[in-house]
Amino acid sequence: MAASVVTMAAPSSTTARVEPALDRRRRNLVLAICCASMIVVVMDVSIVNVALPTIRRDLGASVSGLQWTVDAYSLVLAAFLVLAGSTADRVGRRRIFLTGLVAFGLGSLLCGLAPSIGWLIAARALQAVGGTMLNPVAMAIIATTFPEPAERARAIGIFGSMSGLSLALGPILGGVLVDGLGWRSIFWVNVPVVIAAIACTVRFVPESRAARVRRFDPVGQTLVTLALGSLVFAIIESSSLGWASPVILGLLGVVGLSVLGIIAYEPRRTDPLLELRLFRSVPFSLAITTALWSFCAFGAFLFVTTLYLQDVRGMSALAAGLSLLPVGILIVVIAPRTGRFVGTRGPRRPLVVSGVALALGGLASLWVGPDSPLALALVVFLLFGVFQGTVNAPITNTAVSGMPRSMAGVATSLASSGRQTGTTLGVAISGTIVGSTVGDPAAFHHATYGVWWLTVGLGAGIVAAGLLSTGRWAAATADRAATLFEEVDRG
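Lay out the overall build of the protein chain in plain terms, naming residues and giving numbers.
Of regular secondary structure, the protein chain possesses 18 helices and 0 strands. When the 491 residues of the protein chain are sorted by exposure, 58% land in the buried category. A separation of at least 24 residues holds for 85% of the contacts in the protein chain among residues at least 6 apart in sequence. When the accessible area of the protein chain is evaluated, it comes to approximately 18,300 Å², of which 68% is carbon and sulfur surface.

Below, the structure is given as structure tokens:
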């Protein structure tokens, strides 16, 4: 549901090339087109979560197959977000945006036609390739379309709120489509939206490029993809192969070597894919950590809860979607207010509230079993809504705290990648924990203890990170890190 909540990376360039000013009507049309891209990408995740049990029954998929149905999407997003943003700056944002729409639409069509779980996973990966070119690039398009700061802030706020709206509508639309037309319709519904967006983009969205672009880093991109892909594959397949199997040990070895390669190679590049110097800032480092932890917890919550509502409680897809609706509504209501609070009073309190809500949600979930009143489960879900509604704005704010403008786009891109990586790991870990118990309500409930204790620990970690990242010492490290990029700013 929230795998793509904030895949909104700011422009990755230092300075956007100045384009002729558009009139107010056309600027609003550009904003509407960009919002449509946000809606289809984010809603696609929440719809898929609701459809997972039906997909499992129809295609005879294993739990690991369901994990890959979600993770193929978020893994590709995590690995290629930064690349998509820098490529758009180089070759043209409208051109990459249109390419993303075509890829997303084609992937959606193929998902709906998939004859097996393997084909569905492959089509989901193609969807994600398109998704990497949509939301981050849409943010860059908005930033260049609205040159006046106050109007730009309003436009970015509207764009960001679309993620919450998508979360609220996704479960309902998904339930209606799955129950009424079958799970394939949740993908086909994207196609007419994409076609309309392509036509409107060609007609109304101007082309733009960056004045200064980051060069392509093929070695860094390969290392990042190897590290993320090998780690997720090892986690998902460990339940069937065993952690001591040669395949899993080999994959973990690839992860270790890839990380070492990143540490050794990236600092030597002028424009690295991963700007490791940013991690000298404690606020930035802990923002990325918080993004990883928070979306790991939320990805696990959504994966386990969807199976619980439909496979354990026997609810229909629509009823399960309605049960998750309060989570989306809370995000819609709380997230904008959290953004305003962070802008005036800082990120510390929202981060603490978010971490506490997550930890309490994990603790309370320990008592939600097969025979628990549905009202109890819904109350517990509200805690996860509070958690998600208060965590996103502080992450972005803390990531760019003290950073020069030249690094703002890179910082927010990496924060977005952290969110997607967290979602991927959350689904992989939770699916591994409960996978063998699906179909046995008592065993499933007992297995979820591991998932909920994980969320408790992650919630405590978010509280600690919130307190540490907003202190004077942390601010001093951000100032020192910012001085490293002064030459880039002057350029």
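Before we move on, can you summarise the pattern of salt bridges with the specific residues and values?
Counted according to the given criterion, the structure contains 3 salt bridges. In this structure, Asp311 engages Arg56 in a salt bridge whose closest nitrogen and oxygen atoms are separated by 2.6 Å. Here Asp311 is found in helix α11 (residues 282-312), whereas its partner Arg56 is found in helix α1 (residues 24-59), with 255 residues between them in sequence. The shortest N-O distance in the salt bridge between Arg269 and Asp217 comes to 3.4 Å. Of this pair, Arg269 sits in the loop between α10 (246-265) and α11 while Asp217 sits in the loop between α8 (190-204) and α9 (218-241), placing them 52 residues apart in sequence. Residue class for Asp217 comes out buried when judged on its relative accessible area of 2%.

Please provide a residue-by-residue account of the nonpolar core, values included.
In a soluble, globular protein the nonpolar side chains are often hidden away together inside. Ranked by size, the top nonpolar core spans 87 residues in total, and within it Leu120 and Phe301 carry the most contacts. Top contributing element to this core by residue count: α11, with 16 residues. With residues near it in sequence (within four places) discarded, Phe301 still touches Leu324, Val327, Phe381, Phe384 and Trp452. By size, the runner-up hydrophobic cluster in this structure holds 36 residues, among which are Leu22, Met38, Ala128 and Ala155.

I'd like a description of the packing of aromatic side chains, backed by residues and values.
One pass over the full model with this rule turns up 8 aromatic pairs. Note on Trp183 and Phe187: the rings are 6.2 Å apart at their centroids and 85 degrees apart in plane angle, and the pair reads as edge-to-face. As far as burial versus exposure is concerned, Trp183 and Phe187 are alike and both buried. Taking 5.0 Å as the distance between ring centres and 75 degrees as the angle between the ring planes, the aromatic pair formed by Phe279 and Phe284 counts as edge-to-face. Here Phe279 falls in the partly exposed class, since its relative accessible area comes to 37%. A residue is classified by how much of its surface remains accessible, and Phe284, at 0% relative accessible area, is buried. Members of the aromatic cluster, each reached through a chain of ring pairs, are Phe298, Phe301, Phe381, Phe384, Phe387 and Trp452.

For the packing of α11 against helix α12 (residues 317-345), give the residues involved together with the corresponding values.
Orientation of α11 relative to α12, taken along the N-to-C sense of each, is 150 degrees, at an axis distance of 9 Å. Judged by the inter-axis angle, α11 sits roughly antiparallel to α12. For the element pair α11 and α12, the recorded crossing hand is right-handed. Residue-level inspection shows Phe298, Phe301, Thr305, Thr306, Leu309 and Gln310 of α11 in contact with α12, the latter providing Ala317, Ala320, Ser323, Leu324, Val327 and Ile331. Among the residues forming the contact of α11 with α12, the class breakdown is 8 nonpolar, 4 polar and no charged.

Describe α11, and please don't skip the residues or the numbers.
The terminal C-alpha atoms of α11, which comprises 31 residues, lie 43 Å apart, in line with the 45 Å expected from a rise of 1.5 Å per residue. The buried count for α11 comes to 27 of 31 residues, which makes it a mostly enclosed element. Of the residues one or two after α11, Gly314 is the one with positive phi, at around 75 degrees.

How would you explain helix α4 (residues 117-132) if you had to name every residue and give the values?
Given a rise of 1.5 Å per residue, 16 residues ought to cover 22 Å, and the 23 Å separating the end C-alpha atoms of α4 matches this to within 8%. Within the span of α4, buried status applies to Ile117, Leu120, Ile121, Ala123, Arg124, Gln127, Ala128, Gly130, Gly131 and Thr132.

Give a description of a nonpolar patch on the surface that names residues and reports values.
Where nonpolar side chains cluster on the molecular surface, the patch consists of Val356, Leu360, Leu363, Trp367, Tyr449 and Trp453 and spans about 610 Å² of accessible area. For the nonpolar patch, the secondary structure elements donating two or more residues are α13 (348-365) and α16 (441-469). A per-element tally of the nonpolar patch places α13 first, with 3 residues.

With reference to specific residues and values, describe the side chain of Ser185.
Inspection of the secondary structure puts Ser185 in helix α7 (residues 185-188). In this structure the side chain of Ser185 is engaged in a polar contact, spanning 3.3 Å, whose partner is the backbone oxygen of Leu177. In this structure the side chain of Ser185 is engaged in a polar contact, spanning 2.6 Å, whose partner is the backbone oxygen of Gly182. Aside from chain neighbours lying at most four places away, what touches Ser185 is Leu177 and Val178.

Give a description of the environment of Ser372 that names residues and reports values.
For Ser372, the location among the structural elements is in the loop between α13 and α14 (374-399). Along the sequence, Ser372 and Arg313 sit 59 residues apart, while their C-alpha atoms lie 9.5 Å from each other. Sequence-distant contacts of Ser372, defined by excluding residues within four places in its chain, comprise Arg313 and Trp367. A polar contact of 2.7 Å, which involves the side chain of Ser372, links it to the backbone nitrogen of Gly369.

Lay out the side chain of Arg27 with the relevant residues and their values.
Note on placement: Arg27 falls in helix α1. On the accessibility criterion, Arg27 (14% relative accessible area) is buried. Those residues in contact with Arg27 that lie beyond four places of it in its chain are Leu22, Thr145, Phe146 and Glu151.

About the thresholds
Residues numbered from 1 in each chain as written. Predicted model: local features only at pLDDT ≥ 70, side-chain atom pairs only at ≥ 80, totals over all residues. Heavy atoms only, no water. Helix = DSSP H or I, 4+ residues; strand = E, 2+ residues; numbered from the N terminus. Buried < 20%, exposed > 50% of the residue type's maximum accessible area, 1.4 Å probe, protein only. Contact = heavy atoms within 4.5 Å. Areas by Shrake-Rupley, 256 points an atom, 1.4 Å probe, with all protein chains shown as cover. Salt bridge = Lys/Arg side-chain N within 4 Å of Asp/Glu carboxyl O. Core = buried A, V, L, I, M, F, W, Y, C linked by side-chain atoms within 4.5 Å. Phe/Tyr/Trp six-rings, centres within 6.5 Å; stacked < 30°, edge-to-face > 60°. Axes fitted to C-alpha atoms, helices over the stretch in contact; angles between N-to-C directions. Parallel < 35°, antiparallel > 145°, perpendicular 65-115°, else oblique. Left-handed = near helix turned anticlockwise from the far one by under 90°. Nonpolar A, V, L, I, M, F, W, Y, C, P; charged D, E, K, R; others polar. Expected span 1.5 Å × (residues − 1). Patch = residues over 30% accessible without salt bridge, like charges linked within 9 Å, V, L, I, M, F, W, Y side chains within 5 Å. Polar contact = N/O pair within 3.5 Å; in protein donor to acceptor, adjacent residues only side chain to side chain.

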